[in-house]
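# Structural overview for review
Residues per chain, in single letters:
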Amino acid sequence: MKIIGLTGGIGMGKSTASATFRRHRVPIFDADRAVHDLQAVGGRAVRAIEAAFPGTTQGGAVDREALRRAVLGNPTALKQLERIVHPLVRDAEKRFLAAARRAGKSLVVLDIPLLLETGGQKRVDLVVVVSVPAAVQAVRVLRRPGMTAERLTAIRARQMPDAMKCRNADVVIHSGLSRHFAVSAIRRLMVRLRSTR
């Protein structure tokens, strides 16, 4: 089973890339979705997050905005949060991969925003980075509800610079030219990977 590590900074077009793989019936492990599940009602991270950051949960779920305020601009708090969440996400990832192997899948995608920052490239066969110029990234991200230039700066500070991600990639998908261009590049990649299995 080939494992693709899909990554890219915020606003780079990773969601489009992931959706393209999904439309072609490639199983996707969505690390962001796993984090949401861990922080939802009944999620495995809720109690630990409340213990570490009192007042950041409500109704049995993490209040994501309150948690964001608690860790924003505070590297120590952010590391503490990562120590809680990352092992639980890895556990979910392992269960996803085990299920895919049992189902006889030949190709899967791990969609992980911080793949390279956390050393995740060691767990995959191919690193695919989705990239756009910084100006395009800023325009895309600042259109999002509630997003500010300050928040974008804080998010970028957590993420490896795009140029460095591209240097560490096996494949770079440029999504700034057009959606069609990016989707076509992913389709060509899937054809190549499936032909060499």
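The present account deals with the structure reproduced in this document.

## With respect to the overall build of the protein
From N to C terminus, the protein includes 9 helices and 7 strands. Against the compact-globule benchmark of 16 Å for 197 residues, the protein has a radius of gyration of 17 Å, which places it among compact chains. Over its C-alpha atoms, taken along the principal directions, the protein stretches across nearly 50 × 45 × 25 Å. Considering only contacts within the protein whose residues lie at least 6 apart along the sequence, 71% involve residues at least 24 apart. Total accessible area on the protein stands at roughly 10,600 Å², and carbon and sulfur atoms take up 54% of it.

## Notes on the packing of aromatic side chains
All chains considered together, the criterion is met by 1 aromatic pair. Taken together, a centroid distance of 5.7 Å and an interplanar angle of 45 degrees make the contact between F29 and F96 tilted. Taken together, the residues span a long stretch of sequence, with F29 in strand β2 (residues 28-30) and F96 in helix α5 (residues 75-102) at a distance of 67 residues. We classify F29 as buried; its relative accessible area is 6%. What makes F96 buried here is its relative accessible area of 17%.

## Some details on the environment of C166
The residue C166 is located in helix α8 (residues 162-167) in this model. Sequence separation between C166 and K94 is 72 residues; the distance between their C-alpha atoms is 26 Å. Look past the residues within four positions of C166 in its chain and what remains in contact with it is V129, S131 and V172.

## Quick word on the sheet that holds strand β1 (residues 2-7)
The 5 strands lie next to each other as β2-β5-β1-β6-β7, forming an open sheet whose pairing is parallel. Each having just a single partner strand, β2 and β7 (171-174) make up the two edges of the open sheet. If you compare each strand with its neighbour and ignore which way they point, the axes differ by 20 degrees on average. Where helix α1 (residues 14-23) meets the sheet, it contacts β1, β2, β5 (107-111) and β6 (126-131), and its direction lies at approximately 155 degrees from that of β1. The strands touched by helix α2 (residues 31-39) within the sheet are β2 and β5, with β2 carrying the most contacts at an inclination of about 50 degrees.

## Structural notes on the nonpolar core
Within the largest apolar cluster, 34 residues are counted, with the highest numbers of intra-cluster contacts made by F29, I49, V85, V89 and L110. Top contributing element to this core by residue count: α5, with 11 residues. Excluding its chain neighbours within four sequence positions, the residues that come into contact with F29 are A34, V89, A92, E93, F96, V109, L110 and D111. Listed in part, the 21 residues of the second largest apolar core include I173, A185, I186 and M190.

## Considering helix α6 (residues 134-142)
Among all positions of α6, only Q137, A138 and V141 are buried. Projection of α6 onto a plane perpendicular to its axis shows the buried side chains occupying an angular sector of 100 degrees, all on one side. Looking at the buried residues of α6, the elements they touch are α7 (149-158).

## Brief notes about the side chain of E93
Mapped onto the elements of the fold, E93 is located in helix α5. The buried category is assigned to E93, whose relative accessible area is 2%. Here the side chain of E93 touches R123 through a polar contact of 2.8 Å, side chain to side chain. Setting aside residues no more than four positions away along its own chain, E93 makes contact with F29, L110, I112 and R123.

## Observations concerning α1
Here α1 has its buried residues at K14, A17, S18, T20 and F21. All buried residues of α1 lie within an arc of 155 degrees about the axis, which places them on one face of the element. As for α1, its buried residues are in contact with β1, β2, β5, β6 and α9 (179-195).

## Comments concerning the pairing of β6
Counting buried positions over the 6 residues of β6 gives 6, a clear majority of the element. Here β6 shows no split at all, with L126, V128 and V130 on one side and V127, V129 and S131 on the other all buried. As paired strands, β1 and β6 are joined by 4 bridges and run parallel to one another. Bridge pairing in β6 links G5 to V127. In this sheet, β7 lies alongside β6 in parallel orientation, the contact comprising 4 bridges.

About the cut-offs
- Residues numbered from 1 in each chain as written.
- Predicted model: local features only at pLDDT ≥ 70, side-chain atom pairs only at ≥ 80, totals over all residues.
- Heavy atoms only, no water.
- Helix = DSSP H or I, 4+ residues; strand = E, 2+ residues; numbered from the N terminus.
- Rg over C-alpha atoms; globule rule 2.2 N^0.38 Å.
- Contact = heavy atoms within 4.5 Å.
- Areas by Shrake-Rupley, 256 points an atom, 1.4 Å probe, with all protein chains shown as cover.
- Phe/Tyr/Trp six-rings, centres within 6.5 Å; stacked < 30°, edge-to-face > 60°.
- Buried < 20%, exposed > 50% of the residue type's maximum accessible area, 1.4 Å probe, protein only.
- Pairing = 2+ DSSP bridges.
- Axes fitted to C-alpha atoms, helices over the stretch in contact; angles between N-to-C directions.
- Core = buried A, V, L, I, M, F, W, Y, C linked by side-chain atoms within 4.5 Å.
- Arc of directions from axis to C-beta.
- Polar contact = N/O pair within 3.5 Å; in protein donor to acceptor, adjacent residues only side chain to side chain.

Function-wise, these values are silent; they only describe arrangement.
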